[in-house]
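Commentary on secondary and tertiary structure
Residues per chain are reported as follows:
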Amino acid sequence: MTIQELSDRYYLHDSIVSSINYNKDAETLEIVLDFCYWAQEGYDKSHPATGPLIITFKGVSKYDGPLGEFDWWGISTAEARNDSYYILMDDDYHNMIQEIIITPTDIDVKGI
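All of the points below concern the structure found in this document. (Residues numbered from 1 in each chain as written. Predicted model: local features only at pLDDT ≥ 70, side-chain atom pairs only at ≥ 80, totals over all residues. Heavy atoms only, no water.)

Here's the deal with the overall build of the protein chain
Stated precisely, the cut-off is as follows: Helix and strand labels come from DSSP, where a helix needs a run of H or I of at least four residues and a strand needs a run of E of at least two; each type is numbered from the N terminus. Only C-alpha atoms enter the radius of gyration; for comparison, a globular chain is expected to reach 2.2 Å times N to the power 0.38, where N is the number of residues. Burial classification: accessible surface area is computed with a 1.4 Å probe over protein chains only, and a residue below 20% of its type maximum counts as buried, one above 50% as exposed, and the rest as partly exposed. In what follows, a contact means two residues having at least one pair of non-hydrogen atoms within 4.5 Å. Per-residue accessibility takes into account occlusion by the displayed protein chains alone, with areas from the Shrake-Rupley method and a 1.4 Å probe. Positive charges are assigned to Lys and Arg, negative charges to Asp and Glu, while His and the chain termini are left out of the count. We put the charge of a Lys on NZ, of an Arg on CZ, of an Asp on CG and of a Glu on CD.
Tallying secondary structure elements over the protein chain gives one helix and nine strands in all. Compactness check: the protein chain gives a C-alpha radius of gyration of 13 Å against a globular reference of 13 Å for 112 residues, within 12% of the reference. Summarising its shape, the C-alpha atoms of the protein chain cover approximately 40 × 35 × 20 Å along the three principal directions. Out of the 112 residues belonging to the protein chain, those deemed buried represent 37%. The long-range fraction of contacts in the protein chain, counting pairs at least 24 apart against all pairs at least 6 apart in sequence, stands at 56%. Working note: accessible area of the protein chain is about 6,700 Å², and carbon and sulfur atoms make up 47% of it. Here the protein chain contributes 7 positive and 20 negative side-chain charges, whose respective centroids are spaced 5 Å apart.

A look at the side chain of threonine 103
Mapped onto the elements of the fold, threonine 103 is located in strand E8 (residues 96–103). With residues up to four places along the chain from it excluded, the contact list for threonine 103 reads Gly59, Val60, Ser61, Lys62, Asp83 and Ser84.

Topic: the environment of tyrosine 22
Mapping tyrosine 22 onto the fold places it in strand E1 (residues 16–23). The exposure class of tyrosine 22 is partly exposed, given its relative accessible area of 25%. For the pair tyrosine 22 and aspartate 8, spaced 14 residues apart in sequence, the C-alpha to C-alpha distance is 24 Å. Among residues more than four places away in sequence, those in contact with tyrosine 22 are Thr28, Leu29, Val60, Tyr63 and Leu67.

Considering the nonpolar core
Note on soluble globular proteins: their nonpolar side chains tend to be buried together. Let me state the cut-off plainly: As used in this record, nonpolar core signifies buried Ala, Val, Leu, Ile, Met, Phe, Trp, Tyr and Cys residues forming a set joined through side-chain atoms within 4.5 Å.
In this structure, Val17, Ile20, Ile31, Leu33, Ile55, Phe57 and Ile102 are the most contacted members of the largest nonpolar core, which totals 25 residues. The set of elements that each furnish at least two residues to this core consists of helix H1 (3–9), E1, strand E2 (28–36), strand E3 (50–58), strand E7 (84–91), E8 and strand E9 (106–110). When sequence neighbours within four positions are dropped, the list of residues in contact with leucine 33 reads Leu12, Ser15, Ile16, Val17, Ser18, Gly51, Pro52, Leu53, Ile55 and Ile75.

A closer look at the pattern of salt bridges
For clarity, the threshold we go by: Salt bridge criterion: a side-chain nitrogen from Lys or Arg within 4 Å of a carboxyl oxygen from Asp or Glu.
In this structure the tally under the stated criterion is two salt bridges. Among the salt bridges present, the one from aspartate 108 reaches lysine 58, with a minimum N-O distance of 2.5 Å. Of this pair, aspartate 108 sits in strand E9 while lysine 58 sits in strand E3, placing them 50 residues apart in sequence. For aspartate 108, a relative accessible area of 28% corresponds to the partly exposed category. For lysine 58, a relative accessible area of 31% puts it in the partly exposed group.

Looking at the pairing of E1
Put simply, the rule reads: When DSSP finds two or more bridges between a pair of strands, those strands are recorded as paired.
Examined bridge by bridge, E1 and E2 share seven bridges and lie antiparallel to one another. Within E2, the residue paired with isoleucine 20 across the bridge is isoleucine 31. Once E1 ends, the chain turns through four residues before running back antiparallel as E2, passing glutamate 27 with a positive phi of about 55 degrees. Bridging between E1 and strand E5 (residues 68–69) involves two bridges; their strand directions are antiparallel. Each residue of the ladder has a partner; that of isoleucine 20, found in E5, is glycine 68.

Written out as structure tokens, the structure reads:
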């Protein structure tokens, strides 16, 4: 999937970032979310409102952002811009904002 397809298919606003792991040698970046399924177009109320979603960026030539496990980091915005994917995370508890920039060649998404 391309970054534009990711932006078109998944509305990440309000999802919580659980972890970000980057393997520079393998050129892969994995973001694990507590994803807001309820915020997706066509959401079926018989399914869970939230749950895990793993986004794996492949062929990553650029990554600028934090790594590790997180508490309280929610996604404010996520969008494709040119050849990169931009995510703005906020931590209301600690009153902090963090921008993430990822330039991949391919993306896989796995959820419930």
